[in-house]
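Chain residues, written in single-letter form:
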Amino acid sequence: MFVSFFPRPKLFFLSAAAWSLFLILLWFFGGQQFGSVFGLGPADPAAPAIIGISVFWSKPFLWFYIYYAISVLIFYAFWAWFAPHPWQNWSILVTSLILFLIYFTVQVSVAVNNWYGPFYDYVQGLMSGTKQSTNAEYYWGIASFAWLALVGMNVQVINVFIVQHWIFRWRTAMNDYFMANWDKLRHIEGAAQRVQEDTMRFSQIMEDLGSSFVQSIMTLIAFLPVLIQLQQHITELPLVGAIPQPLVVAALAWCFFGTIAVMLAGIKLPGLQFRNQRVEAAYRKELVYGEDHADRAQPATTRELFANVRRNYFRLYGHYVYFNIVRYTYLQADNIYSGLILGPSLVAHKITFGVFSQISNAFGRVTNSLQFLLNSWSTIVELQSIHKRLRAFEATLAGEPLPDVDQHYLDRERAGMRPEDQPAS
């Protein structure tokens, strides 16, 4: 699954994680200031913040672009020398481009959050009659947001296009790898489906989860300092009272509670999803045999196989009921959680409308990034079931024993047992 697309996968991902951590630490402990050598140093803390789209061609951002590009080229050059791979341009360079575009969209969100404060304070002044303005000033403020939204949207569209090609390249790499070893794999139950469908679903889900995870980390890194800076306006939490770092503590506690609740509610789903794919494969395989052999796919056989499909689906539906109750109840409560947290400070007139908007948005971004497992649990369940199916291929090619369930079906196939003689899953 990985060796077809990435050079020496275990070492590659470990080195990528270590290199990324090193670059992040280097950036925060001197790398950011090093741009001053080229006239691209960080902004003066006493200077007013840049509001609007121009922040993306400010000197600190230009230096980060250079820093990122040099870091990627060093990593690429090492792997091109250490372990050349036919797909290294896509697995390293294009992956790095996707990560950069994700970072850029996160920074657009930060720029929008910075826009909220002054603009909504300006709107509050207009509504209360304490601020004098003109139509041109108002429309200029709206235009500043429109540029951010337009750029952010188009960057996301470009990223989706690149990701679609990236996913298909990974599928192509897996397809070529498995088909080159087809003689060793063709005896595995549902082998055709695993090559034709599961490879695409696996690469697509891995990209979706990977990009969501990276975006969550980047959002947390970008918005946590914003939240810490804004919480100077918040002195206490409801029921708890005054505590250090109140907004950070509230976000961590809330997300930890939700993640544990959803994981416990969905603990049985991976096994049920895997069994669901097995009974579907058995039913589909018998129908395929029936296309060429008149004695196959008889009513009694297909009725029994479809009954297995129905039984597993109904069991799956039942487990999803309480899983979805827990998940969606939490997500609905999450929509009002920040309002509850900010209530005492708002009632006490300690924050303005602009600060309230900034804190609500930053708090939502931080909590959403911390809810990665909660938001992705259903997708993770599907990925686990697909991984189990493709794992049988890797076990065969590595000369290892097949997973128990695949070995069970293979033994029965070799014994000449037809699908209707096999016990229901």
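Note that the coordinates shown come from a computational prediction; the quantities given were computed from them, not determined experimentally. Once a new chain begins, its residue numbering starts again from 1 and follows that chain's sequence as written. Only residues with pLDDT of at least 70 get local features here, since the model is predicted, and only at 80 or more are side-chain atom pairs given and counted; chain-wide, interface and lining totals rely on the full set of residues. Working from all heavy atoms in the structure, the side-chain values ignore hydrogens and water.

### Observations regarding the overall build of the chain
Part 1: Labels follow the DSSP assignment, with helices taken as runs of H or I lasting at least four residues and strands as runs of E lasting at least two, numbered in each case from the N terminus. Secondary structure assignment for the chain yields 12 helices and zero strands.
Part 2: Start at the N end of the chain and walk to the C end: the helices and strands fall as α-α-α-α-α-α-α-α-α-α-α-α.
Part 3: Exposure is judged per residue with a 1.4 Å probe applied to protein chains only, and the accessible area is read against the type maximum: over 50% gives exposed, under 20% gives buried, and values in between give partly exposed. In the chain, buried positions account for 42% of the 425 residues.
Part 4: Long-range contacts, defined here as pairs at least 24 residues apart, represent 79% of the contacts in the chain between residues at least 6 apart.
Part 5: Surface summary for the chain: the accessible area is close to 22,800 Å², and the carbon and sulfur share equals 66%. Residue contacts are defined here by distance: any two heavy atoms, one from each residue, within 4.5 Å place the two residues in contact. Note on areas: Shrake-Rupley, 1.4 Å probe, and residue coverage restricted to the protein chains presented here.

### Topic: the packing of helix α7 (residues 246-265) against helix α9 (residues 299-347)
Pairs of packed helices are described in terms of their axes, by the angle between the two and the distance that separates them.
Part 1: To obtain an axis, a line is fitted to C-alpha atoms, over the contacting stretch when the element is a helix, and the angle between two such axes runs from 0 to 180 degrees between their N-to-C directions. In contact at an axis separation of 9 Å, α7 and α9 are set at 170° when each is read in the N-to-C sense. In terms of their interaxial angle, α7 and α9 are classed as roughly antiparallel. Judged by residue contacts, Leu247, Ala250, Trp254, Cys255, Phe257, Gly258, Ala261, Val262 and Ala265 of α7 engage Tyr322, Phe323, Val326, Arg327, Tyr330, Ala333, Asp334, Tyr337, Ile341 and Leu342 from α9.
Part 2: For the contact of α7 with α9, the class distribution of residues is 16 nonpolar, one polar and two charged. Note on terminology: angles under 35 degrees are roughly parallel, angles over 145 are roughly antiparallel, angles of 65 to 115 are roughly perpendicular, and the others are oblique. Throughout this entry, Asp, Glu, Lys and Arg are counted as charged residues, while Ala, Val, Leu, Ile, Met, Phe, Trp, Tyr, Cys and Pro are counted as nonpolar. The remaining residues, Gly among them, count as polar.

### Describing the nonpolar core
The tendency in soluble globular proteins is for nonpolar side chains to be buried side by side.
Part 1: Residues Phe56, Trp166, Phe202 and Leu247 are the most contacted members of the largest nonpolar core, which totals 88 residues.
Part 2: Here the element with the most residues in this core is helix α3 (residues 88-128); it accounts for 18 residues.
Part 3: Ignoring any residue separated from it by four or fewer positions in sequence, one finds Leu247 in contact with Leu227, Gln231, Ile234, Ile341, Leu342, Ile359 and Phe363.
Part 4: Counting five residues, the second largest nonpolar core, distinct from the first, contains Val279, Ala282, Leu305 and Val309. Only buried residues count toward a nonpolar core, which is a set of Ala, Val, Leu, Ile, Met, Phe, Trp, Tyr and Cys residues joined through side-chain atoms within 4.5 Å.

### Focus: a positive patch on the surface
Part 1: Each patch is assembled from residues with relative accessible area greater than 30% and no salt bridge, linking like charges that lie within 9 Å and nonpolar side chains (Val, Leu, Ile, Met, Phe, Trp, Tyr) that lie within 5 Å. In the sections that follow, a salt bridge refers to a side-chain nitrogen of Lys or Arg positioned within 4 Å of a carboxyl oxygen of Asp or Glu. We score Asp and Glu as negative and Lys and Arg as positive, and we do not count His or the chain ends. Charged groups are reduced to one reference atom each: NZ for lysine, CZ for arginine, CG for aspartic acid, CD for glutamic acid. Together, Arg275, Arg310, Arg311, Arg315 and Lys388 line one region of the surface with positive charge.
Part 2: At three residues, the largest contribution of residues to the positive patch is made by α9.
Part 3: Looking at the secondary structure, you find Arg310 in helix α9.

### A short note on the UniProt feature "transmembrane region" (unreviewed entry) in the chain
Part 1: Per the UniProt record, the feature "transmembrane region" (unreviewed entry) sits at residues 64-83, 90-112, 138-162, 209-228 and 248-267.
Part 2: With 100% helix and 0% strand, residues 90-112 has end C-alpha atoms that lie 32 Å from one another.
Part 3: End C-alpha atoms of residues 248-267 are separated by 28 Å, and the span's content is 90% helix alongside 0% strand. UniProt positions are given in the numbering used here, feature names are shortened, and annotations may be inferred rather than shown by experiment.

### Quick word on the confidence of the model for the chain
Part 1: On average, residues of the chain score 81 in pLDDT, and 89% of them reach the 70 mark or higher.
Part 2: pLDDT expresses how confident the predictor is about each individual residue, on a scale running from 0 to 100. Mean pLDDT per element in the chain: helix α12 (residues 404-414) is the minimum at 52, and helix α2 (residues 59-82) is the maximum at 94.
Part 3: Across residues 416-425, confidence stays below pLDDT 50; counting only partners more than four residues off in sequence or on other chains, it has 21 contacts.

### Focus on the environment of Ile267
Part 1: Relative to the elements of secondary structure, Ile267 occurs in the loop between α7 and α8 (269-292).
Part 2: The exposed category is assigned to Ile267, whose relative accessible area is 59%.
Part 3: In this structure, the C-alpha to C-alpha distance between Ile267 and His319, residues 52 residues apart in sequence, is 9.7 Å.

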